[in-house]
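Letter by letter, the chains look like this.
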Number of protein chains: 2
Amino acid sequence: MKTLARTLLITAATLLVCAPTWAQFAKAEDAIKYRKSALFVMQQNFGRVAAMAAGKAPFDAKVALDSATNAEFVAKLPWAAFGEGTDKGDTKAKPEIWLDKPKFNDYADKMQAEMAKLSVAAKTGNLDTIKVAVGGVGGTCKSCHDAFRQ
Amino acid sequence: MKTLARTLLITAATLLVCAPTWAQFAKAEDAIKYRKSALFVMQQNFGRVAAMAAGKAPFDAKVALDSATNAEFVAKLPWAAFGEGTDKGDTKAKPEIWLDKPKFNDYADKMQAEMAKLSVAAKTGNLDTIKVAVGGVGGTCKSCHDAFRQ
């Protein structure tokens, strides 16, 4: 019993010390703003490459590579900001994110994997290779937004 | 005269073809949103390390390193979005930015240099070393905001 009591005490103390999962942000609103900001920066960089792939912007291998590199890096950042308690507020995130975190995380992982492939493709400087990789990223954006974004 | 006429024609054609400097963004508002987003993501990451340096958050060498790495990378991004025509709108940027671009760019470069030093400091895992580097970054934030932010 003494051991149980001790365990409970330690658990209670841990719960008191552990802040909510958005605690790396000062408040939930900051977490929401953070993930939206990161996703916007990512989308703008990806969009630049996608526009070249679609023939809507002239192909510039250097700009494509820089943009793909930026998008790949920033794609890692939003996910830490989807902690518990960040489902309400100025956000289009669906409650389903917190109801099925494994599926959401899987989508996030897939997007990052495709973004890494785009970065590799951009290094070739070959527009056709880039087009294929852009399609791969685009698919992961759409499937995640369809499932988890209002 | 023929050469002059030809030069003028080429210049006119170039001006028609060359889009404004925010052209890597679809509209000026996107450029403003982009730089604000990048600066927010940077500030949140830097702020996490600064809080540890100030003793306001428990020191976690891994989190400090990740955050400093993120801040260093994202610190490179906002500057492309301060093109001509992005001085008006939902922004606290002072007109002085576009009146003294060399000084503004110099401040931006200094901040990035200090952010790179912070990244190096975070790799040591030594809080005292990190504290010094945080101070260096903080100084560059302040001097630029004092001069160029409303």
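Higher on the page you've got the structure.
Think of each chain on its own: its residues are numbered from 1, step by step along the sequence as written. Written order decides the labels, with chains lettered from A and ligands numbered from 1. With pLDDT at 70 or above as the cut-off, local features in this predicted model cover only qualifying residues; side-chain atom pairs require 80 or more to be listed or tallied, and sums for whole chains, interfaces and linings still use all residues. Hydrogens and water are ignored here; the side-chain numbers use all heavy atoms of the structure.

> Before we go on, may I ask you to explain the pattern of salt bridges in this structure?
Any two side chains of opposite charge can pair, given that their charged atoms come close. Residues and elements named next belong to chain A. Just to be clear on terms, a salt bridge is a Lys or Arg side-chain nitrogen sitting within 4 Å of an Asp or Glu carboxyl oxygen. Going through the model one piece at a time under the given rule, you end up with 16 salt bridges over all chains. For lysine 36, the salt bridge goes to aspartate 90, with nearest N and O atoms at 3.3 Å. Of this pair, lysine 36 sits in helix α2 (residues 28–53) while aspartate 90 sits in the loop between α3 (61–74) and α4 (96–99), and the two are 54 residues apart along the sequence. Strands here are runs of E lasting at least two residues and helices are runs of H or I lasting at least four, both read from the DSSP assignment and numbered beginning at the N terminus.

> Quick question: what am I supposed to make of the nonpolar core here?
The nonpolar side chains of soluble globular proteins are, as a tendency, buried together. What we call a nonpolar core is a set of buried Ala, Val, Leu, Ile, Met, Phe, Trp, Tyr and Cys residues that are connected through their side-chain atoms within 4.5 Å. Throughout this description, buried means an accessible area under 20% of the type-specific maximum (1.4 Å probe, protein chains only), exposed means over 50%, and partly exposed covers the range between. Among the nonpolar cores identified, the biggest contains 77 residues, and A:Met115, A:Leu118, B:Met115 and B:Leu118 are the most heavily contacted of them. The residues touching A:Met115, leaving out its near neighbours within four places in the chain, are A:Met42, A:Phe46, A:Ala71, A:Glu72, A:Ala75 and A:Val137. Any pair of residues with heavy atoms lying within 4.5 Å of one another is described as a contacting pair.

> Would you explain the interface of chain A and chain B in this entry?
With 17 residues of chain A in contact, the opposing surface of chain B contributes 17 residues. Carbon and sulfur atoms supply 66% of the area buried between chain A and chain B, which totals about 1,600 Å² over both sides. The three residues of chain A that bury the most area against chain B are A:Tyr34, A:Phe40 and A:Phe73, which together make up 34% of that side's buried surface. Counting the contacts that link chain A with chain B gives zero salt bridges. N or O atoms closer than or at 3.5 Å make up a polar contact, with two conditions inside protein: a donor-capable atom paired with an acceptor-capable one, and, for residues adjacent in sequence, both atoms drawn from side chains. Where chain A touches chain B, the interface holds four residue pairs in polar contact (both at pLDDT 80 or more). Mapped onto the side of chain A that touches chain B, the elements with two or more residues apiece are α2 and α3 of chain A. Joining two parts hides part of their accessible area as seen by a 1.4 Å probe, and the buried area is that hidden amount summed over both.

> Would you mind going over the packing of helix α5 (residues 101–124) of chain A against helix α6 (residues 127–148) of chain A with me for this structure?
Packed helices, taken two at a time, are described by their axes: the angle between them and the distance between them. All names here are of chain A. For the pair α5 and α6, interaxial distance at closest approach is 8 Å and the crossing angle is 165 degrees. One way to sum up the angle between α5 and α6 is to call them roughly antiparallel. Here the hand of the crossing between α5 and α6 comes out left-handed. Each of Lys103, Phe104, Tyr107, Lys110, Met111, Glu114, Met115, Lys117, Leu118, Ala121, Ala122 and Thr124 in α5 lies in contact with α6, whose residues at this interface are Thr129, Ile130, Ala133, Val134, Gly136, Val137, Thr140, Ser143, Cys144, Ala147 and Phe148. Ten residues, namely Ala, Val, Leu, Ile, Met, Phe, Trp, Tyr, Cys and Pro, are considered nonpolar, four, namely Asp, Glu, Lys and Arg, are considered charged, and the remaining ones, Gly among them, are considered polar. Its residues assigned to classes, the contact of α5 with α6 shows 14 nonpolar, five polar and four charged. Axis definition: a line fit to C-alpha positions, over the contact stretch in the case of helices; interaxial angles, taken between N-to-C directions, run 0 to 180 degrees. Under this scheme an angle from 65 to 115 degrees is roughly perpendicular, one under 35 degrees roughly parallel, and one over 145 degrees roughly antiparallel; angles in between are oblique. With the far helix as reference, a near helix turned anticlockwise by less than a right angle produces a left-handed crossing, and one turned clockwise produces a right-handed crossing.

> Would you explain the relation of the copies chain A and chain B in this entry?
Here the second copy of the chain follows from the first by a rotation about an axis and a shift along it. The transformation that overlays chain A on chain B combines an axial shift of 0.0 Å with a rotation of 180 degrees, and the residual RMSD is 0.0 Å. Each copy turns onto its partner about a two-fold axis. For chain A, the minimum C-alpha distance to the rotation axis belongs to A:Ser37 and amounts to 2.2 Å. Comparing interface residues between copies, 100% of those in chain A also sit at the interface in chain B, which points to an isologous, same-surface contact. Here the copies are matched by least squares. The fit uses the C-alpha atoms of residues with pLDDT of at least 70 in both.

> Even after reading the chapter, I still don't get α3(A), so can you show me in this structure?
Working note: α-helix, 3.6 residues per turn, so residues spaced by three or four point in the same direction. Residues and elements named next belong to chain A. In this model, α3 (14 residues) spans 20 Å end to end at C-alpha, consistent with the 20 Å of a helix rising 1.5 Å per residue. Within α3, the full set of buried residues consists of Ala64, Ser67, Ala68, Asn70, Ala71, Phe73 and Val74. For α3, the N-terminal capping position is held by aspartate 60, with its side-chain oxygen 3.1 Å away from the main-chain nitrogen of lysine 62. One less than the number of residues in a helix, times 1.5 Å, gives the span that helix is expected to have.

> Would you mind going over the state of the cysteines with me for this structure?
Residue and element names in this part refer to chain A. Cysteine sulfur atoms that come within 2.5 Å of each other are treated as a disulfide pair. With the rule as written, the count across this model stands at zero disulfides over all chains. Of all cysteine sulfurs, the one in cysteine 141 lies closest to cysteine 144, which takes part in no disulfide; the gap is 8.6 Å. Taking the relative accessible area as the measure of exposure, cysteine 144 reaches 11% and is therefore buried.

> I keep staring at the environment of A:Ser37 and nothing clicks. Help me out?
Take A:Ser37: it is sitting in helix α2. Between the C-alpha atom of A:Ser37 and that of A:Pro78, which follows or precedes it by 41 residues, the distance is 8.2 Å.

> What's the story with the packing of aromatic side chains in this structure? I'm lost.
For any two aromatic rings, the description comes down to two numbers: the centre-to-centre distance and the angle of the planes. Pairing of aromatic rings covers Phe, Tyr and Trp, the last counted by its six-membered ring, and requires centre-to-centre distances within 6.5 Å; plane angles under 30 degrees mean stacked, over 60 mean edge-to-face, and any other angle means tilted. According to the stated counting rule, one finds 15 aromatic pairs over all chains in the structure shown. When the centroid spacing of 5.8 Å and the interplanar angle of 70 degrees are considered together, the rings of B:Trp79 and B:Phe104 count as edge-to-face. Of this pair, B:Trp79 sits in the loop between α3 (61–74) and α4 (96–99) while B:Phe104 sits in helix α5 (residues 101–124), and the two are 25 residues apart along the sequence. Given a relative accessible area of 3%, B:Phe104 falls into the buried group. Charges are assigned to positions over rings by a cutoff of 6 Å between ring centre and Lys NZ or Arg CZ, combined with an angular limit of 35 degrees from the ring normal. The cationic tip of A:Lys33 hangs over the ring face of B:Phe40; the distance from NZ or CZ to the ring centre is 4.3 Å.

> Looking at this structure, I do not really get the environment of A:Lys94. What am I missing?
Residue and element names in this part refer to chain A. Counting through the fold element by element, lysine 94 comes out in the loop between α3 and α4. Note: C-alpha distance between lysine 94 and valine 132 (38 residues apart in sequence) is 30 Å. Ignoring anything within four residues of it in the chain, the contact list for lysine 94 reads Asp146, Ala147, Phe148, Arg149 and Gln150. In terms of polar contacts, lysine 94 uses its side chain to reach the backbone carbonyl oxygen of aspartate 146, at 3.3 Å.

> Explanation requested: the side chain of A:Ser119 in the structure shown.
Residue and element names in this part refer to chain A. Relative to the assigned elements, serine 119 resides in helix α5. Owing to a relative accessible area of 1%, serine 119 belongs among the buried residues under this scheme. Among residues more than four places away in sequence, those in contact with serine 119 are Leu65, Ala68, Thr69 and Glu72.

> So what exactly am I meant to see when it comes to the packing of α2(A) against α6(A) here?
All names here are of chain A. For the pair α2 and α6, interaxial distance at closest approach is 9 Å and the crossing angle is 125 degrees. The pairing of α2 with α6 is recorded here as oblique in orientation. Handedness of the α2/α6 crossing: left-handed. On α6, the residues that touch Phe46, Val49, Ala50, Met52 and Ala53 of α2 are Leu127, Ile130, Lys131, Val134, Val137 and Gly138. Considered class by class, the residues forming the contact of α2 with α6 number nine nonpolar, one polar and one charged.

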